[in-house]
Amino acid sequence: MNDEFKHSDEEAYFTEIASGHLEALRKAPGVVTVITADDIERSGATHLDEVLESVPGLHVNRSDLSRLEPVYSIRGIQNGFSAQALILFNSMEIKNPFSGGLPAVFRLPLNSISRIEIIKGASSALYGANAFSGVINIIPKKGQDAVKPVAQIRTGSFGSHDLTLQHHYTTEAGTGYFLSLEQQYSDGDNNRIIAQDLQSTTDNLIATDASLAPGPLNTHYSVTNLFLNIEQANWSWNNWYWENNNAGNGQGAARTLDNSGKENIVSFMSQLQYRSIIDQQTSIEGNTYFHYLDGESQLTLFPANSRIPIGSDGNPFTAPGNLINFPDGVIGIPAGTTYRYYFDLGLQYIGIVDHILHFQTGAQSTQFRSREQKNFGPGILTGTEISVDGTLTDVSGSPNSYITNQDRQNFFLAVQDQWHITPDVTLTLGGRLDHYSDFGSTFNPRAGVVWEPSPDFTGKLLYGEAFRAPSFSELYLKNNPSGIGSSSLKPEQIKSYEIVTDWIINPELQLTNTLFLYKASELIKTELKNNVLVFQNTGANKGYGIESEFKWQLDHNLSLKGYYSHLKSKNSNTNKTIADIPRNTAYLALNSDLPGKWQINLSNHWIGSSSRQNGDNRENRGSYTWTTLKASKQSLIPGLKLAVIVKNLFDKEAFAPSSSTIPGDYPLEGRSVWGELTYRY
């Protein structure tokens, strides 16, 4: 093995996501991908969704349920809110307890990130709820890292501009400070035109002309991302503020175009971490954080001058329905504030020969406080009105709100043993018990064998179980025609099996293959019950496939990496293929360092076709290829770097799947060109 490859493997690719302690990536008892800050900078990606597409078996879809938000589909396991993948920021859960997934209209800049660690497969034995299909841990830069201060300006198509300012400082006493400010703004691509929406269908049925279709998706965003880290000896204090202000709501909350609707989301986390080596055999780690999340959606569910059937409960499209005129539109402003308090304590003990024992316990308290204003619904309309204007009624705290205030507490205890049976074989056994105040207890085990008969080959056999906790909306949603909660819901369950081979064919070429199988049960779906859609544990899926990944250093200045992923996933009850999930995906990226201090990255991501929902007679959604080019050059001024980024280089038409309500699918962005100026001082 040459020194360059060895350095990359042993230093840049250490990870702790698969076992809770730092170890070489190839020896970790899990299927792990690490994306470094250098990988991000070279790729041309400007936000999290783009860089995650480089991970085998991970596809970022767009939600048909909620504002075109990102759906992180790992091995085809997904729902409309990314609730089945656990997303962490420095091990803190980025979670909206109402949906169970990410905050609304989530978009994360990349310049403050040190690395991203992804583990695929059921991982609740380490991470608890929602580590169902996998875990994505976003690790920011820290005060004690060797990070140069940065100023960066980026501007591009669609009225987009980005700004980054970062400062790093270390005192003589060893206290490290890292401060990062990132802002991203865009008007959105107004050529992403929807020909028809739900209002178009209503117009055709009752001879009105209210729909805004044909018209563009509302994809405006204005993101602020602030991070402050202070480190001293064993202590680390992290403060993260993120907001998306006046963001567009995509296809509209009711799948009707909404040009005036906006989303205002604010998230703040403050975390204190402590790590200490007590003696040569024992170390401890403590972690506590507070999360404040506030979201308000200003929605025009159906546009001005619409005529909508309103039921006796005051809701649209419920029986018996009478047609009512809405000259100002059907308007709703649901909102909610979350307060989350978290604490855990971990202990690692290596006093037993050939064993690494890990114990962890912790608790979490979540409070969700709702508020709502609207001009429809119970207590506002009776279904007998002729015309309703835009006057809003505040139903916060009343029986007519979309959800009552909710509280949840959970406690957990986890145990794991990594036993080095021989120098070549390591056995990992572990499990975690979680107890929730609203739905009870669940235990999830894991097991793994890692075999390394030579420095050039590693084999792994892995098994894990996981659960997804029912969200507050699935448990308690009310007064909502799209679904009613059921307080008797149980957590979703999954079992996953993996076989991994990692082979260094020669010092320049590495090949990794993963075979996987999973079976998921108790999946939460809406089912028609007494003419009302109710959340029920009626779903069951199964899937299997292969992921093949390679890294090839052709010479000192030229490298290739890529993957191919194949998936088959079916509904266990009907044996039909799961809809909206590409069966095949592939990725190929070329990195080249050229004379004159030029760097070139050319990446191609191919997304295969996917099936439609049962009863949807449209043709299957076709495949597409997405190409990104980044060319950068170090200028004559020390520390100054210039770059040009072109996304969707060949301006290909590409679409994310929609329901038949929007028959043309959701067009993705056309070609965009960006200029970037970076100064490190």
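Scroll up to find the structure this text is about.
Residues numbered from 1 in each chain as written. Predicted model: local features only at pLDDT ≥ 70, side-chain atom pairs only at ≥ 80, totals over all residues. Heavy atoms only, no water.

Helix and strand content of the protein: six helices and 38 strands. Scaling as 2.2 N^0.38, a compact globule of 681 residues should have a C-alpha radius of gyration of about 26 Å, and the protein matches this with 25 Å. Counting only C-alpha atoms and orienting by the principal axes, one finds that the protein spans roughly 80 × 60 × 55 Å. Taking all 681 residues of the protein together, the buried fraction comes to 56%. In the protein, the proportion of contacts linking residues at least 24 apart, taken out of those at least 6 apart, comes to 64%. (Helix = DSSP H or I, 4+ residues; strand = E, 2+ residues; numbered from the N terminus. Rg over C-alpha atoms; globule rule 2.2 N^0.38 Å. Buried < 20%, exposed > 50% of the residue type's maximum accessible area, 1.4 Å probe, protein only. Contact = heavy atoms within 4.5 Å.)

Structurally, the position occupied by asparagine 264 is in strand β17 (residues 262–277). On the accessibility criterion, asparagine 264 (18% relative accessible area) is buried. Remark: the alpha-carbon pair of asparagine 264 and valine 105, spanning 159 residues in sequence, is separated by 8.9 Å. Each residue touching asparagine 264, except ones within four places of it in the same chain, is listed here: Asn244, Asn245, Asn246, Asp294, Gly295, Glu296 and Gln298.

Turning next to the pattern of salt bridges. Opposite charge on two side chains allows them to pair when their charged atoms are near. One pass over the structure, following the stated rule, counts 32 salt bridges. Its salt-bridge partner being arginine 62, residue aspartate 49 comes within 2.7 Å of it at the nearest N-O pair. On the criterion of sequence distance, the pair formed by aspartate 49 in helix α3 (residues 48–52) and arginine 62 in strand β4 (residues 58–62) is long-range, its members being 13 residues apart. We classify arginine 62 as partly exposed; its relative accessible area is 22%. Between glutamate 547 and arginine 75 there is a salt bridge whose closest N-O contact spans 2.9 Å. Within this pair, whereas glutamate 547 is found in strand β30 (residues 532–555), its partner arginine 75 is found in the loop between β5 (70–74) and β6 (86–89), the two being separated by 472 residues in sequence. Three or more residues joined by partner-sharing salt bridges are found here, namely Arg26, Lys27, Glu452 and Asp502. (Salt bridge = Lys/Arg side-chain N within 4 Å of Asp/Glu carboxyl O.)

Moving on: helix α5 (residues 198–206). When we look at burial in α5, the residues that qualify are Gln199, Ser200, Thr202 and Asp203. For α5, the angular spread of buried residues about the axis comes to 165°, placing them on one side. Seen from the open side of α5, the exposed residues pointing more than 90 degrees away from its buried face are Asn204 and Leu205. Summarising the contacts, the buried residues of α5 are in contact with β18 (282–302) and β19 (306–310). Among the residues trailing α5, alanine 207 stands out with phi positive, at a value near 60°. (Arc of directions from axis to C-beta.)

For the rest of this paragraph, the subject is a positive patch on the surface. Residues Lys495, Lys519, Lys542, Lys568, Lys570 and Arg583 make up a contiguous surface patch of positive charge. Examined against the element boundaries, lysine 542 turns out to sit in strand β30. (Patch = residues over 30% accessible without salt bridge, like charges linked within 9 Å, V, L, I, M, F, W, Y side chains within 5 Å. Areas by Shrake-Rupley, 256 points an atom, 1.4 Å probe, with all protein chains shown as cover. Lys, Arg positive; Asp, Glu negative; His and termini not counted. Charge placed at Lys NZ, Arg CZ, Asp CG, Glu CD.)

This brings us to a nonpolar patch on the surface. Taken together, the side chains of Leu347, Phe359, Leu413 and Val415 define a hydrophobic patch exposed on the protein surface, amounting to about 310 Å² of accessible area. Its location among the elements puts valine 415 in strand β24 (residues 406–420).

Further remarks concern unusual backbone geometry. Both trends apply: most residues other than glycine have a negative phi, and most peptide bonds are in trans. Here the amide bond leading from alanine 213 into proline 214 is cis, since omega sits at 0°, within 30 degrees of zero. Of the consecutive residues alanine 319 and proline 320, the connecting peptide bond is found in the cis state with omega at -15°. With respect to the helices and strands, proline 320 occurs in the loop between β19 and β20 (322–326). Despite not being glycine, valine 105 has its phi angle at roughly 45°, a positive value. One can find valine 105 in the loop between β7 (92–93) and β8 (113–120). Given the relative accessible area of 9%, valine 105 is considered buried.

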